[in-house]
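One-letter residues, chain by chain:
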Amino acid sequence: MLPTLIDRRALIDRRVTWERLEAIESGTSTQMRAGLVETLRQDLALGRAEIERRLIETPSNGRAVTRAQSFLTDQIIRIIHDFFVQRVYVRPNPTAAERLCIAAVGGYGRSEMAPFSDVDIAFLTPLKQTPWAEQVIEAMLYTLWDLGLKVGHSSRSIDDMIRMAKEDITIRTALLEARYVWGDEALYDVAAARFRSDVMAGTARDFIAQKLAEREERHKKMGDSRYVVEPNLKEGKGGLRDLHTLFWIGKYMHQVATTADLVEKGLLAPHEYQQFERAENFLLAVRCHLHSITQRAEDRLTFDVQPAVAARMHYHDRPGRSAVEGFMKHYFMTVKTVGDLTGVFMAHLDELHAAKGMRFGLAAISGYRRASRKLHGFILDRGRLTTPSDTFFQEDPVRMIEIFGLANTHDLEIHPMAMRQANRDARLISTKIRNDARANAIFLDLLTSKKDPEAALRWMNEAGVFGRFVPDFGRVVGQMQFDMYHHYTVDEHSIHAIGLLAKIEAGQYGQDHPLTTAIMRQLASRKVLYVAVLLHDIAKGRGGNHSILGAEVAEKFCPRLGLNAAETETVAWLVRYHLLMSDTAFRRDISDFKTVLDFTAIVQSPERLRLLLALTVVDIRAVGPGVWNGWKRQLLSDLYDAAEEVLRLGHKQRGRKERVDSKQNVLRGVLGWDDVAFRTISNRLDEAYWVAEPEDIIERNFRHIAAAGEQALSIAATVYPARAATLVTVYASDHPGLFYRVAGAIHLAGGSIIDARIHTTRDGMALDNFLVQDSFGKLIDAPERLKRIETGIEEALINRHKMTTTLATRTHARPRA
C-alpha cells in the first residue's frame, strides 16, 4: 500500500478527471484513446508541476517527492484501465480467464519514482492471455506511450511469472518489490502467494550470494570507490542500489514489508534504521533534483549539474569552500554511512544465520573467536579482527590506532562491529592521545608499511579515526575538488597515492614507472616520502595556497610523529613544492637550459630530486584512471635526467655546443649518410633546434626533409610510441598564420595538441613538430585518422576553407568540458 501523502487531490483528483472523460463520445478505440490522452496529458502536466513545487519548497524531502510521483502514476494507470474496461472493451459476461491485474515492480513498486523514472509494470493474467486481455493491455500501453512515459512492461500468466522468476535473478528481484496497483486484486494475492511459496521458499542463501556478487561487480564497474567526484548516485558504491540490496536481502529472508521491519528481525538496530532512512531520503532528493534539472532520467551527478543541485538544496558558500563543495561533502558523508550500514548489516546476518566459524553464504573461515598474543588483546571472529568487549577502545583509546596497524601486519579484515565501535568511540581521541608516542609510532609504522597500507588506512578513514587522530586530515575528508581533472575526493586521492607508492616500491609498476621504481631503492629516508604523500594536499579548501599552508601543517605535524628536524624540513619542502616538477615539465620548455637551472636552484640536492619525482608520479597517477600516460612519463624523465646531471656535476655540466656536437655525432651514426648529405640539412638548422629536439625526432625530421626535396609543403603524421602520442611534422614555406592554421586543422581532425616545437630553417622553411592525442588523451593510430590530419592541414594551408568560420561551427568532442 502506498504510504500516506499530504493533499493527494492537489496532485490529481481521479473523480474530477473521470467526470471529464465521461463527456468523450463513443467511437472507435483510436478516437476514444485520443480523447483520453488529451485529458490525461493536462492532468499529468498539472500533477508534475505540483510535484516540482513541492520539491522546490522542501528540497531535502526526497521520499515525499518520489511517493507523490508514484501516486500520480498510480492514478493515471487506474484511470486508463477503467476507461478501456468500462468504456471501450466492455465484457457483459466475463469468463474466469478474462481477468487482469496490474502490479508495479522495481523502483515504481517501491514507490520511489523520480520525475522521469521508468514506469515498470507487470500485467498478470490467470492463464494464457485472452483476446480481451491483449486488447486492454495494448490500448493501455499505447496510451502511456502517447503521454510520453517511458514504460518497462511484461505480460505474463501466473505460471509464466513463476517459471521466469526461478530462472532469472533480475526478474525475481523486480517481483520481490511488486505492489498491487489496479485490476483484479484477488489475482494479485494468488500471484504473491505463489511467488513466496514456489520461488522464495528455500532459496534465500542462493539469492543473497547472487546479490552480493552482483554488488561487487557493480562496484568494480563504477570505479570501486565511494569518493569519485562525478558519482553515479544509483549504481555507484554507497548509492541507492546498495540500500536496495540490504532491503532485498532482508525482505527475501524474512518477507518483511518495510525497512522498519528489519529492526524487529535483528538485521538493523534502531539507530541504524534511522541512518538508513536519512541516507535514502537525501539520495532520493538529489536524484529528484537531478531529473528535474536535466529533464530526463539521469543518475550521474556530473560537474555541470552539481552547482545547480547545490543551489536548489540551499547550500551556501563558506570561507574556503564553495556551496557545491559543501553539498558534495554531504553526499560523500552519506555514501560513507551507507557503506558502514552495509558492513554492520552483513555482520548481523553472520551472527543470526551463519554457522559457527562461517560467514553467511561463504565457506568456513579459520579463526573463530581465536585470541593470540600477537594480537595484543584483540581477537579473531570468523577470520576478522575485532574487540573482545564493547568497552575495549574506551579502556585504552590508543587501541583505535593499533587495530588498523595489526590488520595491516597480519593481512586481516576488520570486523564491521569493531568498525562501528571505533566510529562511536573516535571522539575519545583527544590531544593527549594524539601526542602519545606509542600511538604515533603505530601510525607511522602503518603509513610506511611495506605490506601496502592503503586498505588499512582507508578502513581507518571510514571509521572516522583517521580524521580524529590527524585533525588536519579530518578537514579534507569528503572534500571534493571542483574541476574536470580530479576523479576523487582529497582524502581518497591521498590514501590512493600512498597505496600507489607502496606498489611502486614493491616493484608492481616496474613497466609503467621504471625510473621511479629504481630510485625508490636509493632513497635515504622512505618515511619522509610517505609522510609527504600523506600531507601534500592536506591544506586544500582553506582559501589560500594549499602548498604553502600544507608546508606549515607539516612543520607542526612531523615532530609529533617522531621525525627529526632535518626530516621535518624535507617533508615541509616536498609539500611546499609538490607541484614544481609537474609544472616545470608540462608547462615550460625543458630543452631550454635556463629552465633546468631554475628548477635545480629550488631543488638543490639529488635526494630531494628523487623524492620529488616519486611524489609527483603518485600524485598524478592517483588523480584518476587515464590521467597518467607515456607523454607525462617521458617529460618527467627528461627533466629528472637533466636536473640530475646539473646537481651531480655542478659547474661542469655540458654546454650548449657540447650537447649539439654530441647529438650530431649520434645522428650521423644512426642515419648512415655521407658527410655532404648530412651537412646539407644540418647547416640549415640553428643551435636552438638541436638543443630543443630529442635525437629520435631529429632523425625523423632529417628523413622527412630529405624525402620532401624541393617541395614547398610536406606533412607527415606518424605514431610516436615513446610518448604515447602522434608526431605531426609540417615542413613548409614559412609565412604569417602558419602555426594558427596547422593547430586549427589538427583540432578539426579530432586531435588535441599536447606539445609543439616551432622552428624556422636558415633558408626560410618552417619545420614544426606537434605531439597530438585525441580529446580523451589517447593515442591516435588508426591509418584513416592519421590521413585525415594530414589532409586537413594541407587544405588549411592552401586556403580551401575559412578557418575561423569552420572552428566556430565545430561541436566540442567533450561538451561538458
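Owing to the predicted nature of the structure, the values given are computational and were not obtained by experimental measurement.

S.K.: Help me understand the overall build of the protein chain in this model?
M.R.: Across its full length, the protein chain holds 38 helices and 12 strands. On the principal axes, the C-alpha backbone points of the protein chain span a range of 105 × 80 × 50 Å. Across the 817 residues that make up the protein chain, the buried fraction comes to 54%. Of the contacts made within the protein chain by residues no fewer than 6 positions apart, 71% connect residues no fewer than 24 positions apart. Element-wise, carbon and sulfur atoms account for 51% of the exposed surface of the protein chain, whose accessible area totals about 35,300 Å².

S.K.: Just checking my understanding: could you explain helix 25 (residues 526-535) for this structure?
M.R.: Since there are 3.6 residues in each turn of an α-helix, residues three or four apart along the chain are aligned in direction. With respect to burial, helix 25 is a largely interior element, 8 of its 10 residues being buried. Restricting attention to buried positions, one finds in helix 25 the residues V528, L529, Y530, V531, A532, V533, L534 and L535. Among the residues of helix 25, the N-terminal cap falls to S525, whose side-chain oxygen and the backbone nitrogen of V528 are separated by 3.5 Å.

S.K.: Explanation requested: the environment of L667 in the structure shown.
M.R.: With respect to the helices and strands, the residue L667 is situated in helix 32 (residues 656-671). When the C-alpha atoms of L667 and D734 are compared, they prove to be 26 Å apart, with 67 residues separating the residues in sequence. Discounting residues that sit within four places of it in the chain, L667 has contacts with F678, W690, E695, I698, E699 and F702.

S.K.: Mind showing me how you'd approach the sheet that holds strand 10 (residues 725-733) here?
M.R.: Strand pairing within a sheet occurs via backbone hydrogen bonds; the two strands may be parallel or antiparallel. Read across the sheet, 4 strands follow the order 9-10-12-11 without closing on themselves; strand pairing throughout is antiparallel. With one partner strand each, in any of the chains shown, strand 9 (713-720) and strand 11 (751-760) form the two edges of the open sheet. On average, each strand axis in the sheet is inclined to that of its neighbour by 15 degrees, with strand direction left out of account. Pairing geometry for strand 11 and strand 12 (residues 765-774), over 9 bridges, is antiparallel. Counted as the bridge partner of A756 is F770 from strand 12.

S.K.: I keep staring at the sheet that holds strand 2 (residues 119-125) and nothing clicks. Help me out?
M.R.: If you walk across this open sheet you meet the 4 strands as 3-2-1-4, and the pairing is mixed. One side of each edge strand has no neighbouring strand; the edge strands of this open sheet are strand 3 (151-157) and strand 4 (179-183). Averaged over all neighbouring strand pairs, the angle between strand axes comes to 25 degrees, with direction disregarded. Inspection of the sheet shows strand 1 (residues 101-104) paired to strand 4 by 4 bridges, in the antiparallel sense. Directly across from I102, in strand 4, lies its bridge partner W182. Contacts between helix 8 (residues 185-200) and the sheet are confined to strand 1, strand 2 and strand 4, with strand 4 contributing the most and set at about 150 degrees to the helix.

S.K.: Any chance you could explain the pattern of salt bridges here in plain terms?
M.R.: Charged atoms that come close allow side chains of opposite charge to pair. What the rule picks out here adds up to 54 salt bridges. Between D43 and R20 there is a salt bridge whose closest N-O contact spans 2.8 Å. Of this pair, D43 sits in helix 2 (residues 29-57) while R20 sits in helix 1 (residues 14-21), placing them 23 residues apart in sequence. Here D43 falls in the buried class, since its relative accessible area comes to 7%. Looking at R20, the relative accessible area reads 31%, which means it is partly exposed. For R33, the salt bridge identified is with D146, shortest N-O distance 3.4 Å. On the criterion of sequence distance, the pair formed by R33 in helix 2 and D146 in helix 5 (residues 131-146) is long-range, its members being 113 residues apart. According to the relative accessible area criterion, D146 is partly exposed, its value standing at 34%.

Conventions we followed
Residues numbered from 1 in each chain as written. Predicted model: local features only at pLDDT ≥ 70, side-chain atom pairs only at ≥ 80, totals over all residues. Heavy atoms only, no water. Helix = DSSP H or I, 4+ residues; strand = E, 2+ residues; numbered from the N terminus. Buried < 20%, exposed > 50% of the residue type's maximum accessible area, 1.4 Å probe, protein only. Contact = heavy atoms within 4.5 Å. Areas by Shrake-Rupley, 256 points an atom, 1.4 Å probe, with all protein chains shown as cover. Polar contact = N/O pair within 3.5 Å; in protein donor to acceptor, adjacent residues only side chain to side chain. Pairing = 2+ DSSP bridges. Axes fitted to C-alpha atoms, helices over the stretch in contact; angles between N-to-C directions. Salt bridge = Lys/Arg side-chain N within 4 Å of Asp/Glu carboxyl O.

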